[in-house]
Amino acid sequence: MNWANESTPKEFILLGFSDRPWLQMPLFVILLISYTFTIFGNVSIMMVCILDPKLHTPMYFFLTNLSILDLCYTTTTVPQMLVNICLNKKTISYGGCVAQLIIFLALGATECLLLAVMSFDRFVAICRPLHYVVIMNRWFCLRMAAFSWLTGFSNSVLQSTLTIHMPRCGHREVDHFFCEVPALLKLSCADTKPIEAELFFFSVLILLIPVTFILISYGFIAQAVLKIKSAEGRRKAFGTCGSHMTVVSLFYGTAIYMYLQPPSSTSKDWGKMISLFYGIITPMLNPLIYSLRNKDMKEAFKRFIFLKMVVISQIIKFFEYLRVNTYCPIALQKF
């Protein structure tokens, strides 16, 4: 019997917290505010890093990639969640669910690898400062970024294929806010242990190996920083690395909890809250963490805001001049 074909629904029902109607409105407000701040924060970082020549360095190149990733990460799930909360029929098409699963997994895996690459950048900057320009050259940074994105999407295709082809026997109620591997595996009417073992293997590769690399890198960084005699130098080094370690802790801590244990052992409501945290709250906090704890970013934001104010002021003066002189060609020529 071909279970995969017979049990493929046309759409899935995303239950979320539908059994708790009183949570719908507070959740909608939280999601809307979080998504708005995520868009504003990450777009601001992207614009500042691109427009400010002083930030055209490997560190801020990878930070721009992280902002793009976080922006896409939340956009994959939040708009659908906002629509589902507003509507009584909380459905998503089969194709939409598959696309959401693939993109969400791909961006999550890419972020794991990108955070490891960013830790290597800090390792070279602090432990090998004289070789930094040679090692972290333009082409090396481009290759590392491309490797992170391509590996993330390759891993996603493998994990999504394994998850999607599990027989569901007509089950289509996903007890989650969006299509995610643990929630979809719970719909299966077959033994999921072999698939869980394969998915666990991929999760170890994507989660534990990069986080181990990050910890080793920061072990060497800590040793190098403690040897710096200048208190200002130590403070600057810890400040730069502290932002990255905070982001790593928030993202990896929640992702490891979700993906390195069997889906059956995960508490239903706790799993939903963890997914909301690393899928929505963390992308919103990343711009705040990097901008508030980074002196270069704060100075760049000040220059960016000043430039915008100057441009707006000049535009206002120009239109005021046009209004006063009523489009006089001679006056315009003088202007």
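Residues numbered from 1 in each chain as written. Predicted model: local features only at pLDDT ≥ 70, side-chain atom pairs only at ≥ 80, totals over all residues. Heavy atoms only, no water.

Looking at an unreviewed UniProt entry, the protein chain carries the name Olfactory receptor, with the source organism given as Oryctolagus cuniculus. If you open the UniProt record of the protein chain and go to Sequence similarities (unreviewed entry), you find "Belongs to the G-protein coupled receptor 1 family." For the protein chain, the Subcellular location (unreviewed entry) comment in UniProt is given as "Cell membrane". (UniProt positions renumbered as here; feature names shortened; annotations may be inferred.)

Caption draft 1: Representation of the overall build of the protein chain within the structure. Secondary structure assignment for the protein chain yields 12 helices and three strands. For the protein chain, the proportion of its 335 residues judged to be buried stands at 47%. When contacts within the protein chain are restricted to residue pairs at least 6 apart in sequence, long-range pairs at least 24 apart make up 79% of them. When the accessible surface of the protein chain is totalled, it reaches about 17,500 Å², and 71% of it is carbon and sulfur. (Helix = DSSP H or I, 4+ residues; strand = E, 2+ residues; numbered from the N terminus. Buried < 20%, exposed > 50% of the residue type's maximum accessible area, 1.4 Å probe, protein only. Contact = heavy atoms within 4.5 Å. Areas by Shrake-Rupley, 256 points an atom, 1.4 Å probe, with all protein chains shown as cover.)

Caption draft 2: Geometry of the environment of Tyr-218. Mapped onto the secondary structure, Tyr-218 falls in helix 8 (residues 193-226). In sequence terms Tyr-218 and Arg-122 are 96 residues apart; their C-alpha atoms lie 8.5 Å from each other. Those residues in contact with Tyr-218, other than ones at most four positions away along the chain, are Ser-119, Arg-122, Cys-241, His-244 and Met-245.

Caption draft 3: Expanded view of the packing of aromatic side chains. This model, assessed by the stated rule, comprises 10 aromatic pairs. Where Phe-120 meets Phe-140, the ring centres are 6.1 Å apart and the plane angle is 50°; that geometry is what we call tilted. Placement of the pair is Phe-120 in helix 4 (residues 94-127) and Phe-140 in helix 6 (residues 138-164), with a sequence separation of 20 residues. Within the aromatic cluster, the residues linked to one another by ring pairs are Phe-120, Phe-123, Phe-140, Phe-213 and Phe-220. (Phe/Tyr/Trp six-rings, centres within 6.5 Å; stacked < 30°, edge-to-face > 60°.)

Caption draft 4: Molecular detail of the environment of Pro-210. If you trace the backbone, Pro-210 turns up in helix 8. Each C-alpha atom of the pair Pro-210 and Leu-114 lies 9.0 Å from the other, and the pair is 96 residues apart in sequence. Non-local contacts of Pro-210, meaning those with residues more than four positions away in its chain, are made with Cys-112, Leu-113, Ala-116, Leu-205 and Tyr-252.

Caption draft 5: Structural detail: the state of the cysteines. Considering all chains together, one arrives at one disulfide under this definition. The disulfide partner of Cys-97 is Cys-179, and the gap between their sulfur atoms is 1.9 Å. Between Cys-97 and Cys-179 the sulfur-sulfur dihedral comes to about -125°; the bridge is accordingly left-handed. With a gap of 82 residues between them, Cys-97 in helix 4 and Cys-179 in the loop between strand 3 (173-174) and helix 7 (181-185) connect regions that are remote in the sequence. Of the two residues, Cys-97 and Cys-179, neither departs from the other in class, the shared state being buried. (Disulfide = S-S within 2.5 Å.)

Caption draft 6: How the structure looks around the pairing of strand 1 (residues 11-14). Bridge count between strand 1 and strand 2 (residues 91-93): three bridges; the pairing is antiparallel. Across the sheet, the residue bridging to Glu-11 is Ser-93, located in strand 2. Judged from the two bridges that link them, strand 1 and strand 3 form a sheet pairing that is parallel. Within strand 3, the position partnered with Leu-14 by the bridge is Val-174. (Pairing = 2+ DSSP bridges.)

Caption draft 7: Representation of the sheet that holds strand 3 within the structure. As summarised here, the arrangement of the three strands in space is 2-1-3, forming an open sheet in which the pairing is mixed. Looking along the sheet, the strands with just one partner apiece sit at the ends: strand 2 and strand 3. Set on the sheet, helix 4 makes contact with strand 1 and strand 2; between it and strand 2 the angle comes to about 85°. (Axes fitted to C-alpha atoms, helices over the stretch in contact; angles between N-to-C directions.)

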